[in-house]
Amino acid sequence: MKWLKWLIFILAWGFVGCNGLNQDKNIPGDPHSFSQPNKVLATHLHWEGSVDFERKQIQAKASWLLSYAAAADTVVFDTYGLTIDSVRLDDNQSTFWKLDVPQAFLGSALRIALKPSTQMVHIYYRTGSQARGLQWLEAQQTADKQHPFLFSQGQAILTRSWLPCQDSPALRFSFDAELSVPPGLKAVMSASNQAQMQPSGRYSFSNKKPIPSYLFALAVGDIHFKAFDERTGVFAEKSKLEQAWQEFANLPPMIRAAERLYGRMPWERLDLLVLPPSFPFGGMENPMLMYVAPSLIAGDRSLTNLVAHELAHAWSDQILRHASWEDFWLNEFFTNYIERRIIEEMEGPAYAEMMLALNNLELERNLAQAKTNHQPTILAPKLLGKDPDLVLSAATYQKCTAFMMQLESKLGKKELDQWIKKQIAEGKNQIHTTNTFVDQHQNSLFATNVFESDIRDAWLYQNELPRNYERKPSARFASVEAVASIWQQGEDIRNLPTGGWSVYEWIYFLRAVNHGQIDPQRLHALDALIGFSQSGNVELKSVWFQLCLQHHYLEVLPEIENMVANTGRRKILIAIYKALWNNPITKDEALLWFNNYQQRYHPVARSSIAQLLGK
Ligand code: BES
Ligand code: ZN
């Protein structure tokens, strides 16, 4: 009866095909997702949930609308530490389901049996105590210290710890949500948000433009709002609202600059959310609700280039979709370029030149270190068996920026802008691995003379810069270098022309003088005059403290402790803990402080520092 089986198979196949349900076939594999999108895609989410601060738990129902690309009797979702209470199909039909044995950071595949006609699956679940994508803060850990706060962080593979989903960056879904939170608190999501607090504690959201799971975001707390204009504003705790509004008030002209370059912003609104101090990144491009770290409020708008970066994602995320976290660089590559173009428009070319020179300085430092400590500066790494949340590094960004600038100098700014604009306007938004992207654009973007194979390999697969890389000097930094070299010879800083220097000139100065040995007394004199240890700019403070630790100027240890106690940004914490750890005299402080403050850190920051300290 073998032929009968075949006949049934062929008929079933034809049936699914004729149904017109097939779309994105041949989605490349993703080593960090169990989902099988070439069979079934979850295309729309209806999410109903309640947030319980006492239990530190979200209890929810996730209803997924399915789209079939092939005949399938099972749909697979990614989960991490979720308790599944029940699963239903369509109009409340029961079905068989199973959670696989969990695998380290990947979590467990949730396999749900489908009927041939199934269109929707409803998953009733609760989050676990180790939800890596959620941080529950006690009132004490917030700026205002009156109410608890919850925020999610999805990138890279953390959303599965609070939503059963097909957790791969290539896959996108639209959603609507109904959420209930304790009265007196406000909920916001990566969707169109209401300005007003709802006394009932009930909020509803909708985002019709499909987003990847890593951009599904939620925050709950005593959150207030102040508008910039009719389509932008800022959400923050009360005591931060006014400062945040002042600091980020150039969001509307930034959006207009980006729109002049690349067309209309894809969202009808874009609001900023200022997170509590433990937020582990500088910023996060959640659609319609850009997350920013409170440390970006430097007091002088000197860190708003990060806002330009997150804003740039609104355009760059429409160029292509990265197939997996191995291809993450494709996403940040275009983002960094668009960020740079926005900065050029807003601040002028000399400022953008400084940013680039600093980028290249850090990149070369990281490349030199990569040879000894295996810190990856490889853009397209192999990540099978590795936790992407622990390997994505600052060096990736720096190399992307250098690569993009090389491309700009070969192609010309106008051509590159036009290419980007065209990709966005065409709206194809294809899924790409590094290879498919490079192959597809071999004769356009990556014309062979720019991208011969050894050059391509240096950019993508090696800890090197290619032989044809041109370093672009910054005119403003040329004079900083001159000052740095005279200071190194023993001149008093008061006799040197540093008037009018921005934070970035000082950062460059501190990097430039870091050769040989520096007498701690001279660092003391420098700090007394310039006040680095008291600066509102965390980037400057971080470079300064690294220099102090390297040259045994330990009078600043209390300030350093203050910084690791009150900053949650992983990049800054890692730089400081590394500097503490590399100096035999301050190793104990590294361990003691980590021990004392790790509870304040976000799980991803905590794991990265623990890894660094060998814990
Ligand atoms: N999406 C990233 C942050 C991110 C990357 C989170 C990888 C998790 C894993 C965001 O767009 C970003 O790049 N933030 C940077 C700022 C930027 C100016 C380099 C940051 O937070 O440092
Ligand atoms: Zn980014």
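Residue positions are given per chain, counting from 1 as you read along its sequence in written order. The order in which chains are written sets their letters, starting at A; the order in which ligands are written sets their numbers, starting at 1. This being a predicted model, a pLDDT of at least 70 is required before a residue's local features are given, and a value of 80 or more before pairs of side-chain atoms are given or counted; all residues contribute to the totals for chains, interfaces and linings. Hydrogen atoms and water are omitted, and side-chain values are computed over all heavy atoms in the structure.

Re the packing of helix H14 (residues 520–530) against helix H15 (residues 538–550)
The axes used here are C-alpha line fits, helices contributing only the stretch in contact, and every angle between their N-to-C directions lies in the interval 0 to 180 degrees. Numbering of helices and strands starts at the N terminus; helices are DSSP runs of H or I of at least 4 residues and strands are runs of E of at least 2. Axis separation between H14 and H15 bottoms out at 10 Å; the angle between their running directions is 155 degrees. Considering the angle they form, H14 stands roughly antiparallel to H15. The handedness of the crossing between H14 and H15 is left-handed. On H15, the residues touching Leu523, Leu526 and Asp527 of H14 are Trp544, Leu547 and Cys548. Polarity classes work like this: nonpolar for Ala, Val, Leu, Ile, Met, Phe, Trp, Tyr, Cys and Pro, charged for Asp, Glu, Lys and Arg, and polar for all others, with Gly in that last group. Here the residues of the contact of H14 with H15 are counted per class, giving 5 nonpolar, no polar and 1 charged. Roughly parallel refers to an angle under 35 degrees, roughly antiparallel to one over 145, roughly perpendicular to one between 65 and 115, and oblique to any angle outside these ranges. By definition, turning the near helix anticlockwise from the far helix through less than a right angle yields a left-handed crossing, and turning it clockwise yields a right-handed one. Pairs of residues are marked as contacts when any of their non-hydrogen atoms sit within 4.5 Å.

Topic: the pattern of salt bridges
One speaks of a salt bridge when a side-chain nitrogen belonging to Lys or Arg is within 4 Å of a carboxyl oxygen belonging to Asp or Glu. Under the criterion given, the structure shown has 29 salt bridges. One salt bridge connects glutamate 505 with arginine 476, and the closest N-O pair in it is separated by 2.9 Å. Residue glutamate 505 is located in helix H13 (residues 503–512), and its partner arginine 476 is located in helix H12 (residues 475–488); the two are separated by 29 residues in the primary sequence. Here the term buried applies to any residue with accessible area under 20% of the maximum for its type, exposed to any over 50%, and partly exposed to those in between, with areas from a 1.4 Å probe on protein chains only. The class for arginine 476 is partly exposed, based on a relative accessible area of 31%. Residue arginine 569 is joined to glutamate 539 by a salt bridge in which the shortest nitrogen-to-oxygen separation is 3.3 Å. On the criterion of sequence distance, the pair formed by arginine 569 in the loop between helix H16 (557–566) and helix H17 (570–582) and glutamate 539 in helix H15 is long-range, its members being 30 residues apart. As far as the burial class goes, arginine 569 and glutamate 539 line up, both buried. Through salt bridges that share partners, Arg340, Arg341, Glu344, Lys413 and Asp417 make up one connected network.

Quick notes on the coordination of the zinc ion (ligand 2)
Think of the donor list as every N, O and S atom within 2.8 Å of the metal, or within 3.2 Å for Na, K and Ca; water never makes the list, so a site can look incomplete. Looking at the zinc ion (ligand 2), one finds its protein donor set to be His309 (NE2), His313 (NE2), Glu332 (OE) and Glu332 (OE), positioned 2.1 to 2.3 Å from the metal centre. Counting residues between consecutive donors of the zinc ion (ligand 2) along the chain gives the motif H-x3-H-x18-E. Here glutamate 332 lies in helix H5 (residues 328–347) and histidine 309 lies in helix H4 (residues 305–316), a separation of 23 residues in the sequence. Classification of glutamate 332 by relative accessible area gives buried; the value is 1%.

Quick notes on the sheet that holds strand E11 (residues 172–180)
Adjacent strands of a sheet pair through backbone hydrogen bonds, lying either parallel or antiparallel. An order of E5-E4-E8-E2-E1-E11-E13 is seen for the 7 strands of this open sheet, with the pairing classed as mixed. Here the strands that pair on one side only, and so sit at the sheet edges, are strand E5 (93–94) and strand E13 (202–212). Bridge count between strand E2 (residues 57–68) and strand E8 (residues 120–126): 7 bridges; the pairing is antiparallel. Looking at E8, one finds that serine 63 is bridged to histidine 122. Each pair of strands is called paired provided DSSP finds at least two bridges between the two strands.

Focus on the nonpolar core
Among the nonpolar cores identified, the biggest contains 192 residues, and Trp47, Trp64, Phe509, Trp544 and Tyr577 are the most heavily contacted of them. If one sorts the elements of this core by residue count, H5 sits on top with 9 residues. If we skip the residues at most four places from it in the chain, tyrosine 577 touches Val564, Ala590, Trp593, Phe594, Tyr601, Ile609, Leu612 and Leu613. Within the second largest apolar cluster, 6 residues are counted, among which are Ile27, Leu41, Ala170 and Ala323. The set of buried Ala, Val, Leu, Ile, Met, Phe, Trp, Tyr and Cys residues whose side-chain atoms join them within 4.5 Å is what this entry labels a nonpolar core.

Thoughts on the site of ligand 1
Around ligand 1, the structure places 16 residues, and the nearest of them are Gln155, Gly282, Glu285, Glu310 and Tyr397. Between ligand 1 and the protein, one listed contact pairs an oxygen atom with a side-chain N or O atom of tyrosine 397 at 2.7 Å. Protein contacts shield 89% of the accessible area of ligand 1, which totals 520 Å² for the unbound molecule. Breaking the shell around ligand 1 down by element, the ones donating at least two residues are strand E18 (283–284), H4 and H5. In terms of residues, the shell around ligand 1 owes the most to one element, H4, which gives 4 residues. Neighbouring residues are identified by heavy atoms, a residue being near a molecule or strand if any of them is within 4 Å of it. Counted as a polar contact is a pair of N or O atoms within 3.5 Å, where, for protein atoms, one must be capable of donating a hydrogen and the other of accepting one, and residues adjacent in sequence contribute only when both atoms are in side chains. Only the protein chains shown count as cover for residues, with accessible areas throughout obtained via the Shrake-Rupley method and a probe of 1.4 Å.

A few points about the packing of aromatic side chains
Classification of ring pairs rests on two measures: the distance between centres of Phe, Tyr or Trp rings, Trp counted by its six-membered ring, which must be within 6.5 Å, and the angle between planes, read as stacked under 30 degrees, edge-to-face over 60 and tilted in between. If you walk through the whole model with that rule in mind, you get 39 aromatic pairs. Both rings, one in tryptophan 64 and one in phenylalanine 77, keep their centres 5.9 Å apart while their planes meet at 25 degrees; by these two values the pair is stacked. Here the residue tryptophan 64 occupies a position in strand E2, and phenylalanine 77 occupies one in strand E3 (residues 74–79), the gap between them amounting to 13 residues. A single burial state applies to tryptophan 64 and to phenylalanine 77, both of which are buried. Residues phenylalanine 151 and phenylalanine 279 carry aromatic rings whose centres are separated by 5.9 Å and whose planes lie at 70 degrees to one another, so their mutual orientation is edge-to-face.

As for the sheet that holds strand E7 (residues 108–113)
Reading across the sheet, the 3 strands line up as E3-E7-E6 and stay open at both edges, with antiparallel pairing between neighbours. Looking along the sheet, the strands with just one partner apiece sit at the ends: E3 and strand E6 (97–99). On average, adjacent strands in this sheet sit at an angle of 15 degrees to one another, irrespective of strand direction.

Points about unusual backbone geometry
In the segment running from glutamine 155 into alanine 156, the intervening peptide bond is cis, with an omega of 0 degrees. With respect to the helices and strands, the residue alanine 156 is situated in the loop between strand E10 (149–152) and E11. The phi torsion at aspartate 90 lies on the positive side, around 35 degrees, for a residue other than glycine. The topology assignment puts aspartate 90 in the loop between strand E4 (83–89) and E5. In this structure, methionine 288 takes a positive phi of about 65 degrees despite not being glycine. For methionine 288, the position within the fold is in the loop between E18 and strand E19 (289–292). Residue class for methionine 288 comes out buried when judged on its relative accessible area of 3%.

Digging into the pairing of E19
Of the two faces of E19, the one carrying Leu289 and Tyr291 and the one carrying Met290 and Val292 are both buried. Of the strand pairs in this sheet, strand E17 (residues 270–274) and E19 are connected by 4 bridges, and their pairing is parallel. Bridge pairing in E19 places leucine 272 opposite methionine 290. Relative to E19, E18 runs antiparallel, the two sharing 2 bridges. Within E19, the position partnered with glycine 283 by the bridge is valine 292. Adjacent in sequence and paired antiparallel, E18 and E19 are bridged by 4 residues, among which methionine 288 carries a positive phi angle near 65 degrees.

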